[in-house]
Amino acid sequence: MRKLKALLGVVVLSASLTACGLNVNASLPYDVKPGSIQPVPSLEGQTITVGSKDFTENIILGYLAELALSAAGADVVDLTNISGSNSARQALINGQIDLSWEYTGTGWISYQGNTEPIPDEQKQFDAVKAADEKQFGITWLDYSPVNDTYAFGVREAFAQQHNLKTNSDMVAFLKQHPEQGSFCVETEFASRQDGMPGVEKAYGFTPSDIKTFGTGAIYSAVANNTCNFGEIFTTDGRIAGLNLRVLDDDKKFFPQYNASVTMKKSFLDAHPALAEVLVPIGKALDNAQMVELCKEVDVDGKDAGEVARDWMVSKGFIK
């Protein structure tokens, strides 16, 4: 039995992390027993610092990694909930964390400066992995089916009434009923080429009305009939909480954002067993499960660490 804990380290380390906007979190009081993840001799007693960004899904993914590594015998330092993607990325580059979950589209566009996403998941992953290893010495473990990308969401009842399953279904419906084309989107999404202008061109439609909101308000605006269609993220827990349906991007317009564990290649080379411990976690997840996990936190009010632990136990990874 191993108790998952945040190792406080020496005072100098704590001061350094705090100065950079990172905080070592309080101890996580979970007794982790090996399940299908068994102790790995090469990881026994190895200190591994896990980071995450500051939104629900990424925090849950961080906890999943911590629980898996703890079951494998590592001593885990919890640095989840780092404020902002750039800060989390710099923490990895600077060696303040050893690993974190990242998204292929974010790496390709935000960190590597590309403007054209690659629509195929595998090809996008291969490209971002190769580029990151070459430019930054950071490698990516095999990606998860979890793909936190953009999509249009509709009320489930509305979707059933009009048989809407894909964006092409939406466009066909709007050609017959153009007055129903009300969209709620973020201000930035309304003008970006990988947002409304681009998706209108790719699918060949023109909205009758576009309303701009903050990200969080869009979900409730769709649920409350303020608009029929809304820009959403495909793994957000409010999809389940508000009974929304995600329309499939059947023309693959939006960038791919598959989740993957990232770390310095030198760290993986020194600890190759990390891949066999962490990759199965990602492979066991998908968007539907992630929506439910996020719902448990954001809608039901559960603790993200507890949600992660319960999922790991339910899959038999730990006991």
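Residues numbered from 1 in each chain as written. Predicted model: local features only at pLDDT ≥ 70, side-chain atom pairs only at ≥ 80, totals over all residues. Heavy atoms only, no water.

1. Details of the side chain of S52
Point 1. Turning to its location among the elements, S52 is positioned in the loop between β3 (47-51) and α2 (56-71).
Point 2. Side-chain polar atoms of S52 contact the backbone nitrogen of N81, separated by 2.8 Å. (Helix = DSSP H or I, 4+ residues; strand = E, 2+ residues; numbered from the N terminus. Polar contact = N/O pair within 3.5 Å; in protein donor to acceptor, adjacent residues only side chain to side chain.)

2. With respect to the state of the cysteines
Point 1. On inspection of all chains with the given rule, the structure shows one disulfide.
Point 2. Between the sulfur of C184 and that of C227 lies a disulfide, 2.0 Å long from S to S. Of note, the bridge from C184 to C227 carries an S-S torsion of about -125 degrees and is left-handed in sense. Note that C184 is positioned in strand β8 (residues 182-186) and C227 in the loop between α10 (215-223) and β10 (229-233), a separation of 43 residues in sequence. (Disulfide = S-S within 2.5 Å.)

3. Quick look at the packing of helix α4 (residues 104-111) against helix α5 (residues 121-136)
Point 1. Where α4 contacts α5, the axes come no closer than 9 Å and their chain directions differ by 50 degrees. Judged by the angle between their axes, α4 and α5 are oblique. Classified by chirality, the crossing of α5 by α4 is left-handed. On the side of α4, the interface is formed by T104, G107, W108 and Y111, while α5 contributes Q124, F125, A127, V128, A131 and F136.
Point 2. Here the contact of α4 with α5 is composed, by residue class, of seven nonpolar, three polar and no charged. (Axes fitted to C-alpha atoms, helices over the stretch in contact; angles between N-to-C directions. Parallel < 35°, antiparallel > 145°, perpendicular 65-115°, else oblique. Left-handed = near helix turned anticlockwise from the far one by under 90°. Contact = heavy atoms within 4.5 Å. Nonpolar A, V, L, I, M, F, W, Y, C, P; charged D, E, K, R; others polar.)

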